[in-house]
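# Architecture at a glance
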Amino acid sequence: KDIEKNNKDSKIVKKSSKPIVDNKKKEESVDFNKYLSEKIYNSKKNLNGFSMVMITIFKTVDEFTHEVEKEYNVLTKKIYPKLKELFLDAEIFTKYGQQSFVGVFKELKPMKEQELTNKIKKIFNDEKKLSKTHDKYFLECAFAKYPREGQNKNELLEKVQDKIVEKINVIKRMEKQ
């Protein structure tokens, strides 16, 4: 497992840079990084913008144990189908590593981003209420726009990940108080 440290005290655990696709739905395996590179290439060629969302589930723990990993798996298996249903308008929506999901839309306005964020958090909070195991988990989401916030795949992913890390750090600081 690679642990990336961003900003002051946040850790994002990355098991893989390839998204995990729910095989129960018999979807084709999607390499989101490849998809995003192609999307940017085509958008640049056609002078189109788009929005990308990253949703990350996290628990404020000092150590990523096997037990925490099992909890993540259970929680993501429960909310992924519900999120996927919410993202029917997305060009793509898939798992991205163990803790995150990513999606791409036509360019969204800030009001639509907030509306979507509220729906995502409601799905997550409704699921959290059903299990005491998940009451210490949090969810954050962030958006990045092409071309304004990134001219290539790496810049866009870095921008959306930095936004997520900022939000995670705020929650972690609040939890420590």
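Residues numbered from 1 in each chain as written. Predicted model: local features only at pLDDT ≥ 70, side-chain atom pairs only at ≥ 80, totals over all residues. Heavy atoms only, no water.

Another aspect to go through is the pairing of strand β6 (residues 137-146). Judged by how many residues are buried, β6 sits mostly within the fold: ten of ten residues are covered. A two-sided burial pattern is seen for β6, the buried positions comprising Y137, L139, C141, F143 and K145 on one face and F138, E140, A142, A144 and Y146 on the other. (Buried < 20%, exposed > 50% of the residue type's maximum accessible area, 1.4 Å probe, protein only. Helix = DSSP H or I, 4+ residues; strand = E, 2+ residues; numbered from the N terminus.)

Across its 20 residues, helix α3 (residues 110-129) extends 28 Å between first and last C-alpha, which sits within 8% of the 28 Å expected from 1.5 Å per residue. For α3, the set of buried residues is E113, L116, T117, I120, I123, F124, E127 and K128. One face of α3 carries all of its buried residues, which in axial projection span an arc of 135°. Structural note: α3 exposes M111, K122 and K129 on the side pointing more than 90 degrees away from its buried face. Tucked inside the fold, the buried residues of α3 contact β3 (50-59), α2 (66-86), β5 (100-106) and β6. (Expected span 1.5 Å × (residues − 1). Arc of directions from axis to C-beta. Contact = heavy atoms within 4.5 Å.)

Another aspect to go through is the sheet that holds β5. Across the sheet, which stays open at both edges, the four strands sit in the order β4-β5-β3-β6 with antiparallel pairing between neighbours. The open sheet is flanked by β4 (92-96) and β6, the only strands paired with a single partner. Here the strands of the sheet are splayed against their neighbours by 20° on average, with no regard to which way each runs. With seven bridges connecting them, β3 and β5 associate as antiparallel partners. Bridging from a neighbouring strand, T56 pairs with S100 of β5. Its contacts with the sheet put helix α1 (residues 32-46) on β3, β4, β5 and β6, and the angle it makes with β3 is roughly 155°. (Pairing = 2+ DSSP bridges. Axes fitted to C-alpha atoms, helices over the stretch in contact; angles between N-to-C directions.)

Here we take up the nonpolar core. One recurring pattern in soluble globular proteins is that nonpolar side chains are buried together. With 45 residues, the main nonpolar core has F32, I55, I57, L83 and F87 as its most contacted residues. If you list the elements that add at least two residues to this core, you get α1, β3, α2, β4, β5, α3, β6 and α4 (153-176). Here this core takes eight residues from β6, the largest share from any one element. When residues no more than four places from it in sequence are discounted, the contact partners of L83 are I55, F93, F101, I120 and I123. (Core = buried A, V, L, I, M, F, W, Y, C linked by side-chain atoms within 4.5 Å.)

With that out of the way, let us pick up the packing of α2 against α3. Relative to each other, α2 and α3 sit at 145°, their axes nearing to 10 Å. Two packed elements cross with a definite hand, and for α2 against α3 that hand is right-handed. On α3, the residues that touch L75, K78, I79, K82, L83 and L86 of α2 are L116, K119, I120, I123, F124 and E127. Along the lines of polarity and charge, the residues of the contact of α2 with α3 split into eight nonpolar, no polar and four charged. (Left-handed = near helix turned anticlockwise from the far one by under 90°. Nonpolar A, V, L, I, M, F, W, Y, C, P; charged D, E, K, R; others polar.)

Among the ten residues of β3, ten are classified as buried, and the element is accordingly described as predominantly covered. Residue alternation in β3 divides its side chains into two sets, F50, M52, M54, T56 and F58 and S51, V53, I55, I57 and K59, and both sets are buried. Judged from the ten bridges that link them, β3 and β6 form a sheet pairing that is antiparallel. Of the residues in β6, the one forming a bridge with I55 is C141.

What follows covers the confidence of the model for the chain. Across the chain, pLDDT averages 84, with 84% of residues at or above 70. Across residues 1-28, confidence stays below pLDDT 50; counting only partners more than four residues off in sequence or on other chains, it has 66 contacts. (pLDDT = per-residue confidence, 0-100.)

Positionally, Q99 belongs in the loop between β4 and β5. By relative accessible area, which is 8% here, Q99 ends up buried. Separated by 3.2 Å, the side chains of Q99 and Y72 make a polar contact. (Polar contact = N/O pair within 3.5 Å; in protein donor to acceptor, adjacent residues only side chain to side chain.)

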